[in-house]
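Each chain, written out:
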Amino acid sequence: MLYLFYCEDHPDTLAKRQAARPEHLARLQALHDAGRLIVAGPHPAIDSNDPGDAGFTGSTIIAEFDSLAEAQAWADAEPYLAAGIYKSVVVKPFRRTF
């Protein structure tokens with residue numbers, strides 16, 4: 001089943017985000033390589049593809065897992081969460097229509 005991860009950042013965490021990004025991207029790459037990642041990306045803090053110093057306010061990920069418990073466990077191991085970047089991560093089942 002698909003699961004949506006809605007992740008919200010603490011304010012002013014751009015430097016932390018940049019430092020933890022390689023580990024974060026490696027986990028996403030592993031999901032992609034397994035054919036389980038549908039979409040992933042950050043929420044720019046301003047209306048721009050490159051927000052510069054404004055940074056980001058969070059991220060959205062949609063990926064396939066066998067259960068909500070497995071998806072939640074994956075979210076709980078997120079490097080951005082461990083680094084204090086994400087202040088919250090909500091995991092919900094997602095049904096793709098289009």
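About the cut-offs
- Residues numbered from 1 in each chain as written.
- Predicted model: local features only at pLDDT ≥ 70, side-chain atom pairs only at ≥ 80, totals over all residues.
- Heavy atoms only, no water.
- UniProt positions renumbered as here; feature names shortened; annotations may be inferred.
- Helix = DSSP H or I, 4+ residues; strand = E, 2+ residues; numbered from the N terminus.
- Buried < 20%, exposed > 50% of the residue type's maximum accessible area, 1.4 Å probe, protein only.
- Expected span 1.5 Å × (residues − 1).
- Bend = angle between axes of the 7 residues up to and from the residue.
- Contact = heavy atoms within 4.5 Å.
- Pairing = 2+ DSSP bridges.
- Axes fitted to C-alpha atoms, helices over the stretch in contact; angles between N-to-C directions.

If you look the chain up in an unreviewed UniProt entry, it shows as YCII-related domain-containing protein from Chimaeribacter californicus. Of the chain, the UniProt comment under Sequence similarities (unreviewed entry) reads exactly: "Belongs to the YciI family."

1. Considering unusual backbone geometry
Leaving glycine aside, a negative phi is the common case for residues, and trans is the common case for peptide bonds. At Asp 12, a residue that is not glycine, the phi angle is positive and equals roughly 55°. You can see Asp 12 is positioned in the loop between β1 (2-9) and α1 (14-33). In this structure Asp 12 comes out as exposed when scored by relative accessible area, which is 80%.

2. Looking at α1
With 20 residues, α1 extends 27 Å between its outermost C-alpha atoms, agreeing within 8% with the 28 Å of an ideal straight helix rising 1.5 Å per residue. Where α1 bends most, at Arg 21, the angle is about 55°, and the proline Pro 22 comes one to four residues later. Residues Leu 14, Arg 17, Ala 20, His 24, Arg 27, Leu 28 and Leu 31 constitute the buried set of α1. On the buried face of α1, the contacting elements are β1, β2 (37-44), β3 (56-64), α2 (68-76), α3 (79-82) and β4 (86-94).

3. Considerations on the UniProt feature "domain: YCII-related" (unreviewed entry) in the chain
The positions that UniProt labels "domain: YCII-related" (unreviewed entry) are, in the present scheme, residues 1-95. As annotated, residues 1-95 comprises 35% helix and 36% strand, and the C-alpha atoms at either end are separated by 8 Å.

4. A look at the environment of Ala 69
Relative to the assigned elements, Ala 69 resides in helix α2. For Ala 69, a relative accessible area of 59% puts it in the exposed group. Through-space distance from the C-alpha of Ala 69 to that of Val 91 is 9.6 Å; in sequence the pair is 22 residues apart.

5. Looking at the sheet that holds β2
Taken in spatial order, the four strands of this open sheet run β2-β3-β1-β4, and their pairing is antiparallel. Where the open sheet ends on each side, the last strands, each with one partner, are β2 and β4. Taken over all neighbouring pairs, the strand axes of this sheet differ in orientation by 10° on average, direction set aside. Across seven bridges, the pairing between β2 and β3 is antiparallel. Looking at β3, one finds that Ala 40 is bridged to Ile 61. Its contacts with the sheet put α1 on β1, β2, β3 and β4, and the angle it makes with β3 is roughly 10°.

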